[in-house]
Amino acid sequence: MKMKVLKQAGLPAPLMDALQARYEVVEYNTLPERDFRSMADEFQLLLTNGEAVVTGELIASLPNLALIAVFGVGYDGVDVQAAKAHQVMVTHTPDVLTEDVADLAIGLMLATCRQIPGAQAFIQQGKWMQESYPWTKKVSGAALGIVGLGRIGLAVAKRAQAFDMTISYCNRSPVKEVAHRYQPDLVALAKECDFLLVCAPGIADNRHLINREVMDALGSEGILINVGRGSLVDEQALIMALDAGTLGGAGLDVFSDEPEVPPALYDRPNVVLTPHMASATWTTRQAMSQLVLDNVEAFFNGEPLLTPVPECN
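An unreviewed UniProt entry lists the protein chain under the name 2-hydroxyacid dehydrogenase, from Pantoea osteomyelitidis. According to its UniProt record, the protein chain has this under Sequence similarities (unreviewed entry): "Belongs to the D-isomer specific 2-hydroxyacid dehydrogenase family."

Next comes the structure, spelled out in structure tokens:
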């Protein structure tokens, strides 16, 4: 008889196929409330993704829950403190997506600064027949400020060095054995850089970390890049800054209310938007799926979990 697992959010089809071959996967969002109450004590494991919200109430409603397996490196939607209080472990998928996210961060930096999508639209609209595309901004040799120098921030910094960029960073504390200059004040960092890259975790304390003051400090020539979480940036302040011309541009892979994106961000040559796809390559999503599966199998086999979140170590 297959063990039951509760699936609370979307997962890739290959991962679902592998899970369904081994376990009985029950869809939480289509489960009638009466059925859920009657089955709640049968679930030891909850499957979710990095964008979903797992509340303390949901955790408390599953009396035998022992593991929440997150498909994604971010797990800010999971009430980890509630999980710990109920002796529930949480796993995620770090490391395997670092390189892809860093690649897209650099891609957004180039695409926004050089206005690549805008230049393509310029050709497709027939405007090149009448005029030249406006000059854009140079990337090589520019100053890059990184907000959150974790795995992804370090991977971006490594790539930025190939562009001869001057790199500084803002973090909760200096990162050991890192040569890049530490700037503890976020506004000061924004004033000093041409590009401000955000890859900090989306915890509650970081909500609207990038506010109008930070954007004004970045300035009318500055470019904001966000591959962290949409909640890190005050979107209304961002729109106001773009409208006023006090911010040079933005490259965004994440948004506050995904998949909803403010239409006010559309059709701007200095704004590049991607649909939260930084880790969405076949290679990386397969590796993430395998890591989720490995954690699930380790759990049911009574073996140590491969990638528990730091709070559960």
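For N301, the position within the fold is in the segment after α11 (282–300). For N301, a relative accessible area of 53% gives the class exposed. Between the C-alpha atom of N301 and that of S289, which follows or precedes it by 12 residues, the distance is 18 Å.

The next point concerns the pairing of strand β10 (residues 223–226). Burial along β10 is two-sided: I223 and I225 and L224 and N226, pointing in opposite directions, are all buried. Sheet topology note: the strand β9 (residues 195–198)/β10 ladder contains four bridges and is parallel. Bridge assignment links V198 to a residue of β10, and that residue is N226. Following the chain from β9 across helix α9 (residues 212–218) to the adjacent parallel β10, one finds a crossover that is right-handed. By the bridge criterion, four bridges tie β10 to strand β11 (residues 249–252) in an arrangement that is parallel. Each bridged residue has a counterpart across the sheet, and for N226 the counterpart in β11 is L252.

So, on to the packing of aromatic side chains. Inspection of every chain in the model, using the stated rule, returns five aromatic pairs. Arranged with centres 5.3 Å apart and planes meeting at 50 degrees, the rings of Y169 and Y182 form a pair that is tilted. Residue Y169 is found in strand β7 (residues 166–170), and its partner Y182 is found in strand β8 (residues 181–182); the two are separated by 13 residues along the sequence. Its relative accessible area of 24% is what places Y182 among the partly exposed residues. Each residue in the set Y23, F299 and F300 is aromatic and connected to the rest through ring pairs, giving one cluster.

This part covers the sheet that holds strand β5 (residues 89–91). The parallel open sheet is built from five strands, whose spatial order is β2-β1-β3-β4-β5. Each having just a single partner strand, β2 (24–27) and β5 make up the two edges of the open sheet. Within this sheet the neighbouring strands show an average axis-to-axis angle of 25 degrees, counted without direction. Pairing geometry for strand β4 (residues 67–71) and β5, over three bridges, is parallel. Within β5, the position partnered with A69 by the bridge is T91. The strands that helix α1 (residues 13–22) touches are β1 (4–7), β2, β3 (45–49) and β4; relative to β2, the one it contacts most, it runs at about 125 degrees.

So, on to the UniProt feature "domain: D-isomer specific 2-hydroxyacid dehydrogenase NAD-binding" (unreviewed entry) in the protein chain. Within this structure's numbering, the places UniProt gives as "domain: D-isomer specific 2-hydroxyacid dehydrogenase NAD-binding" (unreviewed entry) are residues 106–278. In the segment residues 106–278, helix accounts for 30% and strand for 16%; the C-alpha atoms at its two ends are 11 Å apart.

Moving on: the nonpolar core. The biggest cluster of nonpolar side chains holds 50 residues, and the ones touching the most others in it are L19, L47, L144, I146, F195 and L197. A total of nine residues in this core trace back to one element, the largest contributor, which is helix α5 (residues 98–113). Once you skip the residues sitting within four places of it in the chain, L197 turns out to touch A105, L144, G145, I146, V147, V156, I225 and V227.

Moving on to the packing of α5 against helix α7 (residues 151–161). With their axes 8 Å apart at the nearest point, α5 and α7 run at an angle of 50 degrees to one another. In terms of axis orientation, α5 runs oblique to α7. In this structure, α5 meets α7 at a crossing whose hand is right-handed. Only R151, I152, A155, V156, R159 and A160 of α7 make contact with α5, whose side of the interface consists of T98, E99, V101, A102, D103, A105 and I106. Class assignment of the residues belonging to the contact of α5 with α7 gives a composition of eight nonpolar, one polar and four charged.

Right, let's get into the sheet that holds β9. The pairing of strands in a sheet comes from backbone hydrogen bonds and takes either a parallel or an antiparallel form. Across the sheet, seven strands lie side by side as β8-β7-β6-β9-β10-β11-β12; this open sheet has parallel pairing. Each having just a single partner strand, β8 and β12 (271–273) make up the two edges of the open sheet. With four bridges connecting them, strand β6 (residues 143–147) and β9 associate as parallel partners. Bridging across to β9, L144 finds its partner in F195.

Conventions and cut-offs
Residues numbered from 1 in each chain as written. Predicted model: local features only at pLDDT ≥ 70, side-chain atom pairs only at ≥ 80, totals over all residues. Heavy atoms only, no water. UniProt positions renumbered as here; feature names shortened; annotations may be inferred. Helix = DSSP H or I, 4+ residues; strand = E, 2+ residues; numbered from the N terminus. Buried < 20%, exposed > 50% of the residue type's maximum accessible area, 1.4 Å probe, protein only. Pairing = 2+ DSSP bridges. Right-handed = clockwise from strand over helix to strand, strands pointing away. Phe/Tyr/Trp six-rings, centres within 6.5 Å; stacked < 30°, edge-to-face > 60°. Axes fitted to C-alpha atoms, helices over the stretch in contact; angles between N-to-C directions. Contact = heavy atoms within 4.5 Å. Core = buried A, V, L, I, M, F, W, Y, C linked by side-chain atoms within 4.5 Å. Parallel < 35°, antiparallel > 145°, perpendicular 65-115°, else oblique. Left-handed = near helix turned anticlockwise from the far one by under 90°. Nonpolar A, V, L, I, M, F, W, Y, C, P; charged D, E, K, R; others polar.

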